[in-house]
Amino acid sequence: MTTFNLPDLGEGLTEATLLSWLVAEGETIVVDQPIAEVETAKSAIEVPSPYAGVVTTLHGAVGETMIVDQPLITVDGEGGATDSSDDASPAGAGEDAGALSYREEERAGTAPATGDVSDPEEEGSGNVLIGYGTSTSSNSRRRRRRNGAGRQTEAGGSGETAQGGPTAPASQQKAPRVSSPLVRRLAREHSVSLGALRGSGPDGMILRADVQAAISAPSKQETPAAQGSAAADQPQGSEAPAASSKAAAPAKAATSSKSAPGSTTAAAPGGLEVRERVPMSGMRKAVATTLSRSRREIPEATVWQDVDMTEVLALRARLKEQAARDGGAAPSLLALLSRFVLAGLSRYPDLATRLEEREDGSQEIVHFDGVNLGFAAQTPAGLVVPVIRHAERLSARGLHTEIGRLVGEARDGSISGKELTGGTFTVNNYGVFGSDGATPIINHPEVGILGIGRILDRAWAVHGELAVRKVATLTIAFDHRVCDGGTAGGFLNFVATCLEDPSSALADL
């Protein structure tokens with residue numbers, strides 16, 4: 001047997017939250033087959049196995065925080081290492097009480113029990129890069145293996161394995177197809193059975209909207225408080241609601257702990273009862289760690305400037321009219337701002353560097369050949385910062401396309417960890433939330449971040465006369481160890497000038 005530990009996740013990440021198992025105990029797996037979905041500080045990703053064989057032990061329960069280099073899965077390679085054929089499940093796997101299928105884990109939120117393991121030598125591909133794997137992995141294989149896991153049935157069930165007898169009903173053969181791990185997690189947190197949903201996506205794929213519709217449907221009939229009260233007052237011998245049994249599942253207990261009104265949980269200061277305890281997710285913990293480190297290590301300074309946005313808004317309106325005629329897409333305001341920011345960074349490159357410590361304790365400022373531009377994006381899972389690599393090579397339209405693609409992937413949970421790391425400067429449009437201005441926190445280990453507030457009608461002097469103009473506030477926070485106020489102020493004024501007279505600025509870009 002060989003135990004595969006949770007591999008190095010990169011970017012200094014040391015832990016991940018287990019979202020779901022993609023295999024079950026007793027199942028035969030192949031090299032680079034996805035075995036689990038985990039949520040790191042960056043995103044939700046799949047972990048591939050470097051070994052082939054029969055799964056003997058799954059280490060950890062759904063919702064548990066897994067630590068890098070601690071056991072994740074144990075594989076028995078003797079007599080079990082096979083190719084990726086669909087009938088690779090060992091005979092009798094469905095009779096093992098611990099062999100819960102992927103569908104069962106997804107539905108009940110439980111994980112198989114762990115057991116003792118040993119460590120004979122086994123051939124494998126090594127700790128492959130998370131989310132990538134080797135060239136032998138393919139999406140079609142993933143679908144076949146996941147569907148194969150569904151051929152196993154519960155211990156004591158009436159069905160038989162695909163090798164040993166009649167084929168089980170279709171509802172027991174296939175795990176429901178969902179658009180992303182975040183959709184599966186959303187269903188699990190709200191006790192929604194994915195097997196009971198009919199997906200509205202391609203080929204019946206379950207989308208976030210399908211799960212949200214299922215969540216809102218029962219809430220119209222009975223509130224959570226009423227459900228808790230009904231469960232407490234239910235006569236002995238009556239049938240318990242399905243949601244109650246699901247709420248008692250280990251995965252549900254691991255992800256949130258609620259206190260119904262009137263319960264005897266520990267009281268908060270002032271006599272208030274604790275209504276709910278929600279563990280911090282991997283992504284939220286990562287945000288907290290990064291921002292705390294930024295505040296702790298970076299002597300941050302802030303410069304801001306009001307900007308007349310009237311001309312850039314007029315330019316965008318003309319580009320939208322042209323795009324409507326030509327059937328194209330006009331650059332967004334964020335794309336135009338990003339184009340001007342990149343031009344400013346070419347003149348003030350110190351703001352797109354990093355401060356690193358050498359092994360001897362000395363420090364050095366690292367300059368890069370190009371700019372990886374990050375931008376803040378709000379998603380259902382929290383705030384993330386997708387990164388456009390070599391953004392200086394793109395036009396405003398190219399930036400608009402990349403921003404749209406990355407935001408879409410971030411919101412549906414399919415964005416890779418690679419696209420959330422490696423930034424050298426960040427822009428943040430917090431004006432979309434109705435904020436006039438803010439003091440953004442630098443995204444460590446970067447040394448600068450620029451934010452823009454909402455655009456308002458204000459009295460503004462134009463050629464010596466008052467006029468009503470579209471005005472917004474630009475703010476830059478910078479690491480004072482790397483550059484001084486003159487650099488930050490010069491950069492901010494350059495971007496502001498570009499926004500106030502974009503036609504002239506674009507002629508030089």
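Please read all numbers here as calculations on a predicted model, not as lab measurements.

## Some words on the sheet that holds strand 7 (residues 65-67)
Working step 1: If you trace the 4 strands from one edge of the open sheet to the other, you get 5-4-2-7, paired in antiparallel fashion. Only two strands of the sheet have a single partner each, and these edge strands are strand 5 (44-48) and strand 7. On average, each strand axis in the sheet is tilted by 45 degrees relative to the strand beside it, whichever way the strands run.
Working step 2: Pairing analysis gives 3 bridges linking strand 2 (residues 15-21) to strand 7, with the strands arranged antiparallel.

## As for the pattern of salt bridges
Working step 1: A complete count under the given rule lists 14 salt bridges for this structure.
Working step 2: Where E392 meets R393, a salt bridge forms, and the shortest distance between an N and an O atom there is 3.8 Å.
Working step 3: For E392, a relative accessible area of 28% puts it in the partly exposed group.
Working step 4: R405 is the partner of E419 in a salt bridge, and the nearest nitrogen-oxygen pair spans 3.0 Å. With E419 in the loop between helix 12 (396-412) and strand 18 (425-429) and R405 in helix 12, this residue pair connects regions lying 14 residues apart in the sequence.
Working step 5: Since its relative accessible area comes to 18%, E419 is described here as buried.
Working step 6: With relative accessibility at 33%, the residue R405 sits in the partly exposed group.

## A look at the sheet that holds strand 6 (residues 53-58)
Working step 1: Pairing is antiparallel across the open sheet formed by 4 strands, whose spatial order is 1-8-6-3. Of all the strands in the sheet, just strand 1 (2-5) and strand 3 (28-29) have a single pairing partner and so form its edges.

## Regarding helix 12
Working step 1: With 17 residues, helix 12 extends 25 Å from end C-alpha to end C-alpha; this agrees with the ideal 24 Å at 1.5 Å per step.
Working step 2: When helix 12 is considered as a whole, its buried residues turn out to be A396, L399, I403, L406, V407 and A410. Angularly, the buried residues of helix 12 cover 105 degrees about the axis, an arc narrow enough to put them on a single face.
Working step 3: Looking at the packing, one finds that the buried side of helix 12 touches helix 11 (333-347), strand 14 (373-375), strand 15 (377-379), strand 16 (382-384) and strand 17 (387-388).
Working step 4: Where helix 12 ends, the next residue or the one after it, G413, has phi of about 80 degrees, a positive value.

## Side note on the packing of helix 11 against helix 13 (residues 485-500)
Working step 1: It is the contact of helix 11 with helix 13, at a shortest axis distance of 9 Å, that shows an interaxial angle of 140 degrees. Here helix 13 runs oblique to helix 11, going by the angle between their axes. For the crossing formed where helix 11 meets helix 13, the hand is right-handed. Seen from helix 11, the contacting residues are L337, F340, V341, A343, G344, L345 and R347; seen from helix 13, they are F491, F494, V495, C498 and L499.
Working step 2: Classifying every residue of the contact of helix 11 with helix 13 by side-chain character gives 10 nonpolar, 1 polar and 1 charged.

Reading the values: rules and limits
- Residues numbered from 1 in each chain as written.
- Predicted model: local features only at pLDDT ≥ 70, side-chain atom pairs only at ≥ 80, totals over all residues.
- Heavy atoms only, no water.
- Pairing = 2+ DSSP bridges.
- Helix = DSSP H or I, 4+ residues; strand = E, 2+ residues; numbered from the N terminus.
- Axes fitted to C-alpha atoms, helices over the stretch in contact; angles between N-to-C directions.
- Salt bridge = Lys/Arg side-chain N within 4 Å of Asp/Glu carboxyl O.
- Buried < 20%, exposed > 50% of the residue type's maximum accessible area, 1.4 Å probe, protein only.
- Expected span 1.5 Å × (residues − 1).
- Arc of directions from axis to C-beta.
- Contact = heavy atoms within 4.5 Å.
- Parallel < 35°, antiparallel > 145°, perpendicular 65-115°, else oblique.
- Left-handed = near helix turned anticlockwise from the far one by under 90°.
- Nonpolar A, V, L, I, M, F, W, Y, C, P; charged D, E, K, R; others polar.

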